[in-house]
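# Overview (structure and organization)
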Amino acid sequence: MYRKFLSLLKNITVSFEKMINFLTTQEHNPLYFHGAIPLYIFWFLIFSGILLWMYYIPTLERAWSSVNYISALPIIQKGTVSLADPASGIPYGSIIRGIHRYGAAGMMIATILHMLRVYFTDRHRSWRWFPWITGVALLVLVLFVGITGYLLVWDNRAYALTVWTQSFIAAIPLIGASLSNFFIAGDVITDYTLIRFFFFHVGGAALIFVLMWTHFIRLKYPVVTPSRSTNFLVLGFILVAAGAIPAINITQELIAKYPSLSDQAAYIASDAPANIGSLVSNVRYDVWYMFPYYLIEKLGITGAWWVLGVSTILLIVAPFYPKDRRDNIAEVIEAKCTGCTFCSLDCPFEAITMQDRAPGSKFKLIAVVQEARCSECGICVGACPFQAIELPNMDSKAIDGDVLALLKQGV
Amino acid sequence: MPTLNPEVPPTASTESKPKVVVGFVCERSIPIQEMIDQQKALHDDPSVKIVILPCSGMVKPSQMELALAQGADATFVCGCAMGDCHYRTGNIMIKERIEGERNPKLRKSTDRTKVGMFFFTMKDKRPFLEALAKFKSLAIKS
Amino acid sequence: MKARDTFGTIFLVVGIVLFYFIGSTSIASELDDILHGPPLTEPVRSKLSPETNQMIDKVLPKKVSELPYIDQISRMTTGEAPKSTNDDPFQQFNIVRWMGWALIIAALADIGTAYLTRVKYSAGE
């Protein structure tokens with residue numbers, strides 16, 4: 001029943017991609033790079049993030065004004081730019097901030113689409129559980145790093161989200177209160193809070209790198225760069241967003257000064273500096289990125305915990321059901337193996353390692369299959385010139401026999 | 001076209017021998033199970049015989065050479081679309097083996113005009129049959 | 001292969017020309033000093049005779065704001081007083097948007113080349 005459902009999802013996905021393939025050809029289909037696109041965007045986030053890092057000041061008093069300094073208008077300034085002059089700002093700063101802001105949004109969308117496609121094409125189960133589980137961890141981490149990025153701006157929205165997050169964490173039984181204090185580095189919000197958020201954001205980004213490594217480690221030749229046309233498309237959309245929705249701090253004074261600024265822009269851009277103690281009522285944020293807060297708003301804290309908790313548990317157990325038979329694991333025939341390493345080089349899931357043979361053997365190395373990682377695909381069989389590795393249910397001699405029988409048949 | 005010795009009886013001419021094509025098809029690329037009959041021949045073209053494998057990367061170039069040596073007029077492999085192999089790299093592996101860029105390689109002496117490669121998704125039954133027909137017309141000169 | 005190289009070259013050249021055009025007009029429209037300040041060629045032009053200056057003016061006006069096509073590219077010179085985008089800073093985001101669209105067009109050109117040079121299957125010759 002569930003297998004039929006997965007098969008239906010795969011059908012829908014392939015039908016959709018067939019249409020895209022027709023227009024773009026297989027080499028340029030952006031959907032075939034669903035895993036590489038988040039990593040590609042991540043490079044821009046690192047680059048723009050480092051530039052923003054240079055000027056961000058993580059204290060309650062100066063966080064908002066430092067972000068304002070970075071994203072000051074006009075983009076290109078007359079005269080000198082100096083920290084001492086509050087009217088000046090970093091040239092092109094709001095563009096860098098825009099790339100960072102909309103790149104993060106793009107990375108979240110791309111990560112979710114990647115997860116959906118892997119699930120829809122049934123490539124998360126059985127021997128593939130490790131990339132999937134590390135992927136779930138990466139999704140949570142990308143969400144966490146993105147949320148802390150929002151909080152760093154320390155405007156009204158950031159303050160509201162911080163208060164909600166405190167209540168959210170404090171709802172955990174037993175350890176909730178101390179975890180919440182750990183989150184804001186103290187009992188109340190102080191300068192240390194922003195420094196803590198800053199560490200979560202930058203340290204979390206570094207942790208994304210480490211988790212990416214674990215995500216790739218069981219995949220040989222991982223595709224980490226999309227095709228050139230996809231690269232241009234992704235960067236193009238990020239720049240269009242950065243240019244169409246200026247990533248600046250929008251205050252009432254700014255709206256009064258530039259009537260062309262609509263209130264709509266404030267939905268996405270940041271607003272006035274935070275006022276500790278006063279929560280604004282109408283907090284607006286990207287729902288598809290900040291979906292935990294949407295859940296908190298609609299369902300309350302307990303409801304949100306239930307939904308997030310159950311979804312995470314379902315994601316974690318997804319690779320283990322339904323179980324496959326696993327009766328066709330590749331077997332090495334010791335007597336024939338020469339240690340040529342062709343099978344080990346070709347195995348897409350790093351399931352074959354070359355190990356030393358006993359001293360005095362005719363050959364130095366022997367291939368060893370790690371059964372838990374074997375996908376029963378037979379690529380190693382295709383790589384072996386000596387028929388020394390076989391799938392038990394379909395060995396090379398049987399296939400040769402089939403070929404001869406087919407030819408004998410005639411038309 | 002070599003001229004036949006007029007003293008040789010006409011039944012020895014190669015023109016009357018039926019053309020056979022042997023294809024190695026991955027079960028996750030085109031919907032091959034519904035395209036073949038009991039004798040593993042294609043419904044749409046009974047001269048094409050199919051060997052079904054879990055992945056196109058399981059094909060050894062020596063098996064394709066065996067097919068050609070034992071009487072097949074052409075041989076091909078069909079795998080998943082490039083970029084969408086179910087086992088990630090199977091179609092790339094067989095492509096590189098046939099093109100001579102990956103060990104074990106298809107021997108240089110093998111006639112490349114008789115060796116075909118197709119990479120299609122499970123919704124590409126018609127495009128596969130069209131590509132196969134084109135390949136046959138180019139590979140088999142009769 | 002050859003068809004792809006020719007198409008690729010054409011698209012690359014067109015892309016470079018587009019980028020240069022967009023980039024140079026963006027820069028020209030953003031540099032306040034060029035529009036309102038003394039022209040860059042001032043040291044040379046001041047030494048030439050008035051007749052020579054008049055002749056050159058027909059081809060290359062002294063001020064960028066007097067270029068024949070500048071009104072179409074930059075809205076700063078329209079209206080009573082030429083405005084710098086420093087006065088309306090949201091105009092400056094146009095450059096970024098244009099660059100984004102230029103990249104998207106380049107991507108579509110790349111895909112278009114691949115589509116036009118795809119291997120076509122048709123039974124029979």
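The sections below set out a description of the structure shown in this document. Given the structure is predicted, the values throughout are model-derived calculations rather than measurements. (Residues numbered from 1 in each chain as written. Chains lettered and ligands numbered in written order. Predicted model: local features only at pLDDT ≥ 70, side-chain atom pairs only at ≥ 80, totals over all residues. Heavy atoms only, no water.)

Let us look at the overall build of chain A. Scanning chain A for helices and strands turns up 15 helices and four strands. The principal-axis extent of the C-alpha atoms belonging to chain A is close to 85 × 50 × 50 Å. Classification of the 411 residues of chain A by burial places 51% in the buried group. Partitioning the contacts of chain A with sequence separation of at least 6, the portion at a separation of at least 24 is 69%. Roughly 20,000 Å² of accessible area belongs to chain A as shown, and the carbon and sulfur atoms make up 68% of that amount. Within chain A, one finds 30 positive and 26 negative side-chain charges whose respective centroids are separated by 4 Å. (Helix = DSSP H or I, 4+ residues; strand = E, 2+ residues; numbered from the N terminus. Buried < 20%, exposed > 50% of the residue type's maximum accessible area, 1.4 Å probe, protein only. Contact = heavy atoms within 4.5 Å. Areas by Shrake-Rupley, 256 points an atom, 1.4 Å probe, with all protein chains shown as cover. Lys, Arg positive; Asp, Glu negative; His and termini not counted. Charge placed at Lys NZ, Arg CZ, Asp CG, Glu CD.)

A word on the pattern of salt bridges. Under the defined criterion, the tally for this structure stands at 19 salt bridges over all chains. Across the pair B:Asp44 and B:Arg126 runs a salt bridge, and its minimum N-O distance is 3.9 Å. Here B:Asp44 is found in the loop between strand E1 (21–26) and strand E2 (48–53), whereas its partner B:Arg126 is found in helix H3 (residues 125–139), with 82 residues between them in sequence. Relative accessible area serves as the criterion here: at 47%, B:Asp44 is assigned to the partly exposed category. Between B:Lys136 and B:Asp45 there is a salt bridge; the shortest N-O distance is 2.9 Å. Here B:Lys136 is found in helix H3, whereas its partner B:Asp45 is found in the loop between E1 and E2, with 91 residues between them in sequence. Residues participating in the shared-partner salt-bridge network are A:Arg3, A:Asp122, A:Arg125 and A:Asp324. (Salt bridge = Lys/Arg side-chain N within 4 Å of Asp/Glu carboxyl O.)

Of all eight residues in helix H3 (residues 63–70) of chain A, six are buried; the element is thus mostly enclosed. Buried within H3(A) are the following residues: A:Ala63, A:Trp64, A:Ser66, A:Val67, A:Tyr69 and A:Ile70.

Right, let's talk about the interface of chain A and chain B for a bit. Taken together, the contacts link 48 residues of chain A with 50 residues of chain B. Carbon and sulfur atoms make up 61% of the area that chain A and chain B hide from each other, which totals about 3,800 Å². Counting across the interface, chain A meets chain B through five salt bridges. Ionic pairing is found between B:Arg97 and A:Asp346, a salt bridge with its closest N-O pair at 2.8 Å. Put simply, chain A and chain B have 22 residue pairs in polar contact (both at pLDDT 80 or more) between them. Looking at the side of chain A that touches chain B, the elements with two or more residues in it are helix H1 (2–24), helix H13 (342–346), helix H14 (379–383) and helix H15 (396–409) of chain A. At eight residues, the largest contribution of residues to the side of chain A that touches chain B is made by H15(A). Partitioned by chemical class, the residues of the side of chain A that touches chain B number 25 nonpolar, 12 polar and 11 charged. (Buried area = accessible area lost by both parts, 1.4 Å probe. Polar contact = N/O pair within 3.5 Å; in protein donor to acceptor, adjacent residues only side chain to side chain. Nonpolar A, V, L, I, M, F, W, Y, C, P; charged D, E, K, R; others polar.)

Residues and elements named next belong to chain A. Inspection of every chain in the model, using the stated rule, returns 30 aromatic pairs over all chains. Ring geometry for Trp53 versus Phe198: centroids 6.2 Å apart, planes at 85°, classification edge-to-face. One end of the pair, Trp53, is in helix H2 (residues 36–53); the other, Phe198, is in helix H8 (residues 191–216), and 145 residues separate them in sequence. Overall, the relative accessible area of 17% leaves Phe198 in the buried class. Ring plane angle 40° and centroid distance 6.2 Å describe the contact between Trp164 and Tyr293, whose orientation is recorded as tilted. Of this pair, Trp164 sits in helix H6 (residues 156–170) while Tyr293 sits in helix H12 (residues 291–317); the two residues are 129 residues apart in sequence, bridging distant segments of the chain. (Phe/Tyr/Trp six-rings, centres within 6.5 Å; stacked < 30°, edge-to-face > 60°.)

Along the chain, the position of A:Asp400 falls in helix H15. Buried A:Asp400, no salt bridge; nearest opposite-charge side chain is A:Lys397, N-O distance 6.8 Å.

Bringing the sheet that holds strand E4 (residues 115–119) of chain B into the picture now. All names here are of chain B. Strand order across the open sheet formed by four strands is E2-E1-E3-E4, with parallel pairing between neighbours. Here the strands that pair on one side only, and so sit at the sheet edges, are E2 and E4. Here the strands of the sheet are splayed against their neighbours by 20° on average, with no regard to which way each runs. In the sheet, E1 pairs with strand E3 (residues 74–79) via five bridges, with the strands oriented parallel. Each residue of the ladder has a partner; that of Phe24, found in E3, is Val77. Taken strand by strand, helix H2 (residues 90–98) contacts E3 and E4, and its axis lies near 160° from that of E4. (Pairing = 2+ DSSP bridges. Axes fitted to C-alpha atoms, helices over the stretch in contact; angles between N-to-C directions.)

As a further point, take the packing of helix H9 (residues 228–244) of chain A against helix H6 (residues 93–116) of chain C. The geometry of H9(A) relative to H6(C) is characterised by a closest axis approach of 7 Å and an angle of 160° between their N-to-C directions. Classified by the angle between their axes, H9(A) and H6(C) sit roughly antiparallel to one another. Like other packed secondary-structure pairs, H9(A) and H6(C) cross with a definite hand, here left-handed. Across the interface between the two elements, A:Arg228, A:Ser229, A:Phe232, A:Leu233, A:Leu235, A:Gly236, A:Phe237, A:Leu239, A:Val240, A:Ala242, A:Gly243 and A:Ala244 of H9(A) pack against C:Phe93, C:Val96, C:Arg97, C:Met99, C:Gly100, C:Trp101, C:Leu103, C:Ile104, C:Ala106, C:Ala107, C:Asp110 and C:Ile111 of H6(C). Counted by class, the contact of H9(A) with H6(C) contains 17 nonpolar, four polar and three charged residues. (Parallel < 35°, antiparallel > 145°, perpendicular 65-115°, else oblique. Left-handed = near helix turned anticlockwise from the far one by under 90°.)

Residues and elements named next belong to chain A. Topologically, Val369 is positioned in strand E3 (residues 365–369). With a relative accessible area of 15%, Val369 lands in the buried category. Ignoring any residue separated from it by four or fewer positions in sequence, one finds Val369 in contact with Ile329, Ala330, Val332, Ala351, Ile352, Cys374 and Ile389.

Our next topic: a nonpolar patch on the surface. Taken together, A:Trp306, A:Val310, A:Ile313, A:Leu314, A:Ile316, A:Val317 and A:Phe320 make up a surface patch of nonpolar side chains, about 700 Å² in accessible area. Structurally, A:Phe320 can be placed in the loop between H12 and strand E1 (331–332). (Patch = residues over 30% accessible without salt bridge, like charges linked within 9 Å, V, L, I, M, F, W, Y side chains within 5 Å.)

Here the bond from A:Tyr321 into A:Pro322 is cis, since omega is -5°, no more than 30 degrees from zero. Its location among the elements puts A:Pro322 in the loop between H12 and E1. Of note, the amide linkage connecting B:Asn103 to B:Pro104 takes the cis form, showing an omega dihedral of -10°. Residue position: B:Pro104 is located in the loop between H2 and E4. Not every positive phi belongs to a glycine, and A:Thr25 is a case in point at roughly 65°.

Any link to function would need more than the numbers given here.
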